[in-house]
Amino acid sequence: MTGSASEKIISPASRAFWDRSFAGRRAQFEELRQRSPIEFHTETAGPGFWSVVGYDDVVAVSRNPEVFSSANGFTIDDVPVEILEFAMSMIAMDDPRHRRLRGIVQSAFTAASVRGIAERVRGYAAQIAADLPRDAEFDFVPDVATRLPVQVICELLGIPESDRPMILAAAADVIAGGGDQEFVTAPGGAAGLGQIYGYALELGERRKTDPGEDLTSRLVSTVVDGETLTPTEFGSFVILLITAGFETTRQALAWALHLLTEHPDQRELLLADFAGHIDNTIDEVIRYASPVPYMRRTATVDTELGGAHIAAGDKVVMWYLSANHDERIFDGPGRFDITRANAGKHLGFGAKDIHHCLGMNLARLELRVMLEELFTAHPALHAVGEPELLLSAFISGIAALPARTRDGR
């Protein structure tokens, strides 16, 4: 640990760190990067953790799963073993078990598989754009950003329309940690977890006897190396897909509108050549906002990282939000620039490690199609006023974003 005893260190797992503007959060991470790329922070109800804020060190931890394990959980808070087992899915596993499960489910998320559902995604996006009011202010988060990912994921899984409001409410409970704007460092909401898990088990059993063309039918019948998903593994994967897939895409959409509104020159560039700029725009939004700010690992052996002596059993937290603003990698990281040459180096989908985001292709499709449909139907669409940020260290998110489809007030 570096720095003089008189300097006050604000832990990035504390409310004081996150209870400020997005610029204030980034400034604090910049200060931590300048102090030391790896620093130990205490916890009020835990053993403390090593905070990794530099890009290269985050990549090093991500790509060394033998030394930095996921099996003890991916959140700063320690989670009971029974919760890890049924709710945390593959991101709380190491190989070979992780490799086995990923091998069973990954075929549904290849670029080719995602292209196969592109027209259905576009149909949902076009309807959402058409439903927006033309002469009234609305909240972009529930009216747009929330609607598309939940519809797409439920459609993929074969969840009937009548059950989707329940799924949305349960997912929101998990992401909010079961509270209403209380500060959280991890997903929670035991009631929501239980609802999704129980529903998934029932849906899986129904599809075994009455299969359809949906992902659920495929997953409960896929055999890889003589093995299928157990009911517990299937239920756990559905929790991951619904909560992670829903929230990260929702937040990227909200951040996209906010950032394009705040930077009208970048918006003009995008609209002048949407096809030419949209892929890099998506990367720059994800780099800048980092919807998933961190993931945790646990050291399996005594090791050294960036001059820090880390003991076996120590928690190691990789701050993607900080790494994605590391000035040694990204020139002028506080500048939102859709032409940034290396925007694709962001770690928003992971560090090309064993846990690299399985749903990356699907998320990119949803973002591309939704933004295209929105700006085609409403070329003047813009945010009005400042976003209301989520008070969370686990989701770098926007709770509310007022918007209009036309200029004027």
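Now for a description of the structure that goes with this document. Keep in mind that what you see is a predicted model, and the values were worked out from it rather than measured.

Focus: the overall build of the protein chain
Regarding its fold elements, the protein chain presents 17 helices and twelve strands. For a compact globule of 409 residues, the expected C-alpha radius of gyration is about 22 Å, and the protein chain comes in at 21 Å, within 12% of that figure. Counting only C-alpha atoms and orienting by the principal axes, one finds that the protein chain spans roughly 60 × 55 × 35 Å. Every one of the 409 residues in the protein chain was classed for burial, and the buried ones make up 56%.

Here's the deal with the pattern of salt bridges
Oppositely charged side chains can pair when the atoms bearing their charge come close. Summed over all chains, the structure comprises 25 salt bridges. Of the charged contacts in the structure, one is a salt bridge between Arg15 and Asp19, with a shortest N-O distance of 3.7 Å. Note on Arg15: relative accessible area 39%, which makes it partly exposed. Residue Arg207 pairs with Asp214 through a salt bridge whose shortest N-O separation is 3.0 Å. One connected set of salt bridges, linked through shared partners, spans Glu43, Asp78, Arg296 and Lys315.

Quick look at the nonpolar core
Counting 132 residues, the largest nonpolar core has Phe140, Phe237, Ile242 and Trp319 as the members making the most contacts within it. Ignoring anything within four residues of it in the chain, the contact list for Phe237 reads Ser89, Met90, Val105, Phe109, Leu219 and Leu358.

Considering the packing of helix H13 (residues 231-262) against helix H15 (residues 274-289)
One way to put it is that H13 packs onto H15 with a least axis distance of 10 Å and a crossing angle of 100 degrees. As summarised for this structure, H13 and H15 are arranged roughly perpendicular, according to the angle between their axes. Counting all contacts with H13, which are made through Ala252, Trp255, Ala256 and Leu259, the residues of H15 involved are Val285, Tyr288 and Ala289. Of the residues assigned to the contact of H13 with H15, the class counts are seven nonpolar, no polar and no charged.

Observations regarding the sheet that holds strand E9 (residues 382-383)
With respect to topology, three strands assemble into an open sheet ordered E4-E12-E9, the strand pairing being antiparallel. Both edges of this open sheet fall to strand E4 (138-139) and E9, since each of them pairs with a single strand only. Pairing analysis gives two bridges linking E4 to strand E12 (residues 402-404), with the strands arranged antiparallel. Following the sheet pairing, Phe138 is matched in E12 by Ala403.

Analysis parameters
- Residues numbered from 1 in each chain as written.
- Predicted model: local features only at pLDDT ≥ 70, side-chain atom pairs only at ≥ 80, totals over all residues.
- Heavy atoms only, no water.
- Helix = DSSP H or I, 4+ residues; strand = E, 2+ residues; numbered from the N terminus.
- Rg over C-alpha atoms; globule rule 2.2 N^0.38 Å.
- Buried < 20%, exposed > 50% of the residue type's maximum accessible area, 1.4 Å probe, protein only.
- Salt bridge = Lys/Arg side-chain N within 4 Å of Asp/Glu carboxyl O.
- Core = buried A, V, L, I, M, F, W, Y, C linked by side-chain atoms within 4.5 Å.
- Contact = heavy atoms within 4.5 Å.
- Axes fitted to C-alpha atoms, helices over the stretch in contact; angles between N-to-C directions.
- Parallel < 35°, antiparallel > 145°, perpendicular 65-115°, else oblique.
- Nonpolar A, V, L, I, M, F, W, Y, C, P; charged D, E, K, R; others polar.
- Pairing = 2+ DSSP bridges.

In short, the description is geometric, and any link to function would need to be established separately.
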